[in-house]
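# A look at the structure
Each chain, written out:
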Amino acid sequence: MNISGQDFIYGCSAIGAGLALIAGIGPGVGQGIAAGQGAAAVGRNPGAKSDITTTMLLGQAVAETTGLYGLVVAIILMFVKPFG
Amino acid sequence: MGMMKIPMIAREPDFMIHGVLKYHAFGQELWISDTTVGAWIITALLLLFGFIASRKLKTVSESDTPGLFQSGLEIAMEALENMAKGTMGANGRRFVNYIGTIFLFILLCNLSGLLGLRAPTADFGVTFLLGLFTFCIVNYQGIKNRGFGHVTSLFQPIPLLFPINLIGEIANPISISLRLFANLLSGVIIMGLWYGMMPWFAKIAIPAALHAYCDLFSGAIQTYVFCMLTMVYINDKME
């Protein structure tokens, strides 16, 4: 079986794209912690439920960014092919 | 995506930007893509709505009780002003026009996936431009309010930290634009994969839930986050 240099680069790009999505672990943990703390806060102070939910969602949306950077890197590796 | 070549090979699950019309300018080959067309449609809708709404508001006399349309608009405007005032305090009133404009534009762009358009904000060219607007306003306000202190604040607390402060300033527009872009792009990819790869019976009711999450929920939250962060960045430079 012949593997040309081009194919090798594409294969390595696909592996790199998969590795880039490991970045999804961090935001997952962080969002989970935020949601847990939000649930605890609602348990202590049910009257402030809407404020807590808004703050939690805002923080989670910002915390998501690092995972999305991983997604962007993976998409660039897969579809833009900067090394091909 | 801005970095991609526009005319893509048509794949089965389709989530790429497509060129609509090719033209030449300044010796370069440029494309009018479906991002541009979507942005035009949304701008036209907003202009039309603004025109009709302002005409309708003028015809209401003072003795009349405001109708449903006017009441709704006033409630929405008040919510917007409260959002600006909650984040920026007394400065909020000056920026509520700008914030309201980008809020409506980004919101309609994010929701345009429901109309079958490819969301214009799922193109880095659009979101980076919005981030650059924020960057320009932030730095204009910094120079206007602090003068030379805007530059020297980069050397705080010790001059050694200048490179880090500089990177931190430059990273702001890139970070807020990439956040919006990547969220919308992930929604577009998920919808494209679902519509392109699932058998026909999976396309009946299930996409409604996906649209509700990817377009409505994610789109609304990211619009709010973008406007909120813009206001926070501007407010940082106001005092």
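Residues numbered from 1 in each chain as written. Chains lettered and ligands numbered in written order. Predicted model: local features only at pLDDT ≥ 70, side-chain atom pairs only at ≥ 80, totals over all residues. Heavy atoms only, no water.

The next thing to look at is the overall build of chain A. For chain A, the helix and strand inventory stands at 4 helices and 0 strands. In chain A, the order of α-helices and β-strands from amino to carboxyl end is α-α-α-α. Taken over the C-alpha trace, chain A has a radius of gyration of 20 Å; the compact-globule value for 84 residues is 12 Å, which it surpasses by more than 25%. The buried share among the 84 residues of chain A stands at 21%. Long-range pairs, those at least 24 residues apart, make up 74% of the contacts in chain A with a sequence separation of at least 6. On chain A, roughly 5100 Å² of surface is accessible, and the fraction owed to carbon and sulfur atoms is 69%. (Helix = DSSP H or I, 4+ residues; strand = E, 2+ residues; numbered from the N terminus. Rg over C-alpha atoms; globule rule 2.2 N^0.38 Å. Buried < 20%, exposed > 50% of the residue type's maximum accessible area, 1.4 Å probe, protein only. Contact = heavy atoms within 4.5 Å. Areas by Shrake-Rupley, 256 points an atom, 1.4 Å probe, with all protein chains shown as cover.)

The next point concerns the interface of chain A and chain B. The interface is formed by 16 residues belonging to chain A together with 21 residues belonging to chain B. The contact between chain A and chain B buries some 1500 Å² in all, and 81% of this surface belongs to carbon and sulfur atoms. The tally of links between chain A and chain B comes to 1 residue pair in polar contact (both at pLDDT 80 or more). Elements supplying a minimum of two residues to the side of chain A that touches chain B: α3 (49-63) and α4 (65-80) of chain A. It is α4(A) that contributes the most residues to the side of chain A that touches chain B, 9 residues altogether. Each residue belonging to the side of chain A that touches chain B can be placed in one class, and the counts come to 12 nonpolar, 2 polar and 2 charged. (Buried area = accessible area lost by both parts, 1.4 Å probe. Polar contact = N/O pair within 3.5 Å; in protein donor to acceptor, adjacent residues only side chain to side chain. Nonpolar A, V, L, I, M, F, W, Y, C, P; charged D, E, K, R; others polar.)

Moving on: unusual backbone geometry. Positive phi, close to 55°, is recorded for A:Lys81, a residue that is not glycine. Mapped onto the fold, A:Lys81 is located in the segment after α4.

What follows covers the confidence of the model for chain B. Residues and elements named next belong to chain B. Confidence in the prediction of chain B, expressed as mean pLDDT, is 85, and 92% of residues score 70 or more. For chain B, strand β1 (residues 19-25) is the element with the lowest average pLDDT, namely 83, and helix α4 (residues 124-146) is the one with the highest, namely 92. Taken as a whole, residues 1-11 scores under 50 in pLDDT and shows 24 contacts with residues more than four places along the chain or in a different chain. For this predicted complex, the interface confidence score (ipTM) comes to 0.82, while the overall pTM stands at 0.85. (pLDDT = per-residue confidence, 0-100.)

This brings us to the side chain of A:Gln60. Residue and element names in this part refer to chain A. Position of Gln-60 among the secondary structure elements: in helix α3. Residue classification places Gln-60 among the buried residues on the basis of a relative accessible area of 13%. Excluding residues within four positions of it along the chain, Gln-60 makes contact with Gln-31, Ala-34 and Ala-35.

This next bit is on the side chain of B:Asp123. Residues and elements named next belong to chain B. Positionally, Asp-123 belongs in the loop between α3 (92-111) and α4. The side chain of Asp-123 is buried and forms no salt bridge, while Arg-118, the nearest opposite charge, is found at 5.7 Å. Side-chain polar atoms of Asp-123 contact the backbone nitrogen of Gly-125, separated by 2.9 Å. (Lys, Arg positive; Asp, Glu negative; His and termini not counted. Salt bridge = Lys/Arg side-chain N within 4 Å of Asp/Glu carboxyl O.)

Attention now goes to α4(A). For an α-helix the count is 3.6 residues per turn, leaving residues at separations of three or four pointing the same way. Spanning 16 residues, α4(A) covers 21 Å between terminal C-alpha atoms, matching the ideal 22 Å at 1.5 Å per step. Within the sequence span of α4(A), burial applies to A:Thr65, A:Gly67, A:Leu68, A:Gly70, A:Leu71, A:Val72, A:Ala74, A:Ile75 and A:Leu77. Turning to α4(A), the residues buried within the fold contact α1 (5-20), α2 (25-44) and α3 of chain A together with α6 (162-197) of chain B. Once α4(A) ends, the next one or two residues include A:Lys81, with phi positive near 55°. (Expected span 1.5 Å × (residues − 1).)

Among the secondary structure elements, B:Gly196 is positioned in helix α6. In the structure, B:Gly196 is positioned 183 residues away from B:Pro13 in sequence and 4.1 Å away in space, judged by C-alpha atoms.

Our focus in this paragraph is the packing of aromatic side chains. Counted under the stated rule, the structure contains 6 aromatic pairs over all chains. Ring plane angle 5° and centroid distance 4.6 Å describe the contact between B:Phe155 and B:Phe162, whose orientation is recorded as stacked. Above the ring of A:Tyr10, the side-chain terminus of A:Lys81 is found at 5.3 Å from the ring centroid. (Phe/Tyr/Trp six-rings, centres within 6.5 Å; stacked < 30°, edge-to-face > 60°. Lys NZ or Arg CZ within 6 Å of the ring centre and 35° of its normal.)

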